[in-house]
Amino acid sequence: MERKPIIGITSSYVNHNYYMEGVYVHHDYHKAVIKAGGVPVILPIAPMDVMEEYIKQCDGFILSGGEDINPKFYNQGPHQNIGFFYTERDEFELALTKKILEQNKPLFAICRGMQLLNVALGGTLIQDIPSQTQSSFKHMQIIQRHKKSHSIIINKDSRLLKSIISQSHIEVNSLHHQAIDRLAEELFVAASSPDGLVEAVEHKSYKHLLAVQWHPESLAAENEEMLNLFRYFIDKSKK
Ligand code: MN
């Protein structure tokens with residue numbers, strides 16, 4: 001029988017109570033990976049030599065969602081309304097992302113993951129959407145994670161997203177405080193929201209990349225096209 005691909009999922013930190021603290025990943029990520037035929041492995045922040053092993057041993061990677069990103073990584077100071085950031089995670093994931101791209105491994109960058117990819121490639125972020133844009137949209141929805149809150153428009157230039165999602169307008173969930181500001185040169189916009197924020201990017205030459213601002217992992221249980229994003233990624237990870 002064919003071996004299922006191992007999918008490394010980056011993680012954050014949570015302090016549940018004084019004797020329970022540690023690695024955190026929302027369970028929708030591993031549920032979606034399993035449903036699409038992969039084996040999820042959670043990646044704690046680790047030193048370089050261990051990161052090298054992650055790269056060798058995983059067939060594909062998910063940069064998961066989470067905190068804001070320390071703006072020092074794109075040469076800005078913190079805006080007054082910046083949220084919590086976790087610098088060690090940023091450092092680890094920026095280095096990991098560069099290695100993934102060097103090694104030509106499939107990458108699925110979700111929410112903060114897409115923003116981190118943009119920073120890793122030299123782009124910048126909007127640090128606080130409500131005060132730094134004219135948008136009237138609430139990109140940090142209050143309704144549950146698996147409910148949709150705004151539409152996106154898939155670009156006709158998109159190669160990948162367009163091939164997986166059959167419609168040009170879809171509804172997505174939205175749980176982000178930050179967004180892409182200046183796009184890295186190697187990337188192009190694959191989808192945007194009607195208020196003008198970047199909701200998906202693709203790479204001009206790197207073929208094994210999916211990068212979205214919304215949370216398909218939380219829609220995949222009920223929505224075939226969102227699950228198809230994972231199926232596409234898992235399939236790439238088999239090769
Ligand atoms: Mn959004």
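What you see is a predicted model, and the numbers here were worked out from it, not measured in a lab.

Considering empty space enclosed by the protein
Stage number 1. In total, this model carries one cavity of 30 Å³ or more according to the counting rule given.
Stage number 2. Estimated volume of the largest cavity: approximately 40 Å³.
Stage number 3. What lines the largest cavity is simply Leu160, Leu161, Ala190, Ala200, Val201, Glu202, Leu209, Leu210, Ala211 and Val212.
Stage number 4. Elements that contribute at least two residues to the lining of the largest cavity include exactly helix 6 (160–164), strand 12 (198–203) and strand 13 (209–212).
Stage number 5. Among the elements that take part in the lining of the largest cavity, strand 13 stands out by supplying four residues, more than any other.
Stage number 6. The class makeup of the residues in the lining of the largest cavity is nine nonpolar, no polar and one charged.

Let's talk about the packing of helix 2 (residues 48–57) against helix 3 (residues 87–102)
Stage number 1. At a minimum axis distance of 11 Å, the contact between helix 2 and helix 3 shows a crossing angle of 40°. When the axes of helix 2 and helix 3 are compared, the pair comes out oblique. Every pair of crossing elements has a handedness; the one defined by helix 2 and helix 3 is right-handed. Within the contact between the two elements, helix 2 uses Met48, Met51, Glu52, Tyr54 and Ile55 and helix 3 uses Phe92, Ala95, Leu96, Lys99 and Ile100.
Stage number 2. The residue makeup of the contact of helix 2 with helix 3, split by class, is eight nonpolar, no polar and two charged.

About the cut-offs
Residues numbered from 1 in each chain as written. Predicted model: local features only at pLDDT ≥ 70, side-chain atom pairs only at ≥ 80, totals over all residues. Heavy atoms only, no water. 1 Å grid on protein atoms, 1.4 Å probe; cavity = no way out; pocket = protein on both sides within 12 Å on 5 of 7 lines; lining within 4 Å. Points joined across faces, edges and corners; volume = space filled by probe spheres on them. Helix = DSSP H or I, 4+ residues; strand = E, 2+ residues; numbered from the N terminus. Nonpolar A, V, L, I, M, F, W, Y, C, P; charged D, E, K, R; others polar. Axes fitted to C-alpha atoms, helices over the stretch in contact; angles between N-to-C directions. Parallel < 35°, antiparallel > 145°, perpendicular 65-115°, else oblique. Left-handed = near helix turned anticlockwise from the far one by under 90°. Contact = heavy atoms within 4.5 Å.

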